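Close look at the chain arrangement
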Amino acid sequence: MRRKDREVTSEAWIRKVLEEAEILHLALIDPAGKPYSVPVHYGLGDNCLYIHGAMQGRKAETMRAHPDVAFHVVAGYELVPSPVKAGYKWGVYRSVMGEGKVRVVTDLDEKRRAIDLLHAHYGDVRENYSVADAKLEKVVNVLAIEITSLTGKTKGYPNPDNPRTVVVREE
């Protein structure tokens, strides 16, 4: 990362941003070799992110053809008056960028846990909620992004790696 003053390596900080962010932007290379980016909902597992979608379509075909992906999330984005230059604005944010390898989840128990994590991430937790096994097997495509690298980046928020950072927003 070029701006080392904004880099965050704290695992706890990175986990917190992943927990707070709402949309994951997934970068892929489609079967024709063209770049493809898609926003997705996600659930946070242990060293993986879970996403879901249809069994067919551009996203599913792309991840089958090229399972290596990149992604990023942003939490706490806000445009504020610059603390260092009058009349200018600053975009303040906390973000996490990463890379991983997509794995199709076929085990029904893991699929169910993944769907539960997706629902929990968005506060959509209902008692006795379940998806029928037949639907999980035939209709719901659950994918695990096995994380291979993660980096945090922040501007305007406290940085645990750099206490001298200019702070305009508290977490």
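Placed above this text is the structure.
Values in this document were obtained by computation on a predicted structure and should not be read as measured data.

**As for the side chain of Lys111**
- Inspection of the secondary structure puts Lys111 in helix α3 (residues 108-121).
- Residue classification places Lys111 among the buried residues on the basis of a relative accessible area of 4%.
- In terms of polar contacts, Lys111 uses its side chain to reach the backbone carbonyl oxygen of Val140, at 2.9 Å.
- When sequence neighbours within four positions are dropped, the list of residues in contact with Lys111 reads Met55, Val105, Leu136, Glu137, Val140 and Val142.

**Points about the nonpolar core**
- Residues Leu24, Leu26, Leu49, Ile51, Val73 and Ile145 are the most contacted members of the largest nonpolar core, which totals 26 residues.
- Every element with two or more residues in this core is listed here: α1 (11-20), β2 (24-29), β3 (35-40), β5 (48-53), β6 (68-81), β7 (89-104) and β8 (141-155).
- Excluding residues within four positions of it along the chain, Ile51 makes contact with Leu26, Val40, His41, Tyr42, Met63, Leu118, Asn141, Val142, Leu143 and Ile145.
- Within the second largest apolar cluster, 11 residues are counted, among which are Cys48, Tyr50, Val140 and Ala144.

So, how was this worked out
Residues numbered from 1 in each chain as written. Predicted model: local features only at pLDDT ≥ 70, side-chain atom pairs only at ≥ 80, totals over all residues. Heavy atoms only, no water. Helix = DSSP H or I, 4+ residues; strand = E, 2+ residues; numbered from the N terminus. Buried < 20%, exposed > 50% of the residue type's maximum accessible area, 1.4 Å probe, protein only. Polar contact = N/O pair within 3.5 Å; in protein donor to acceptor, adjacent residues only side chain to side chain. Contact = heavy atoms within 4.5 Å. Core = buried A, V, L, I, M, F, W, Y, C linked by side-chain atoms within 4.5 Å.

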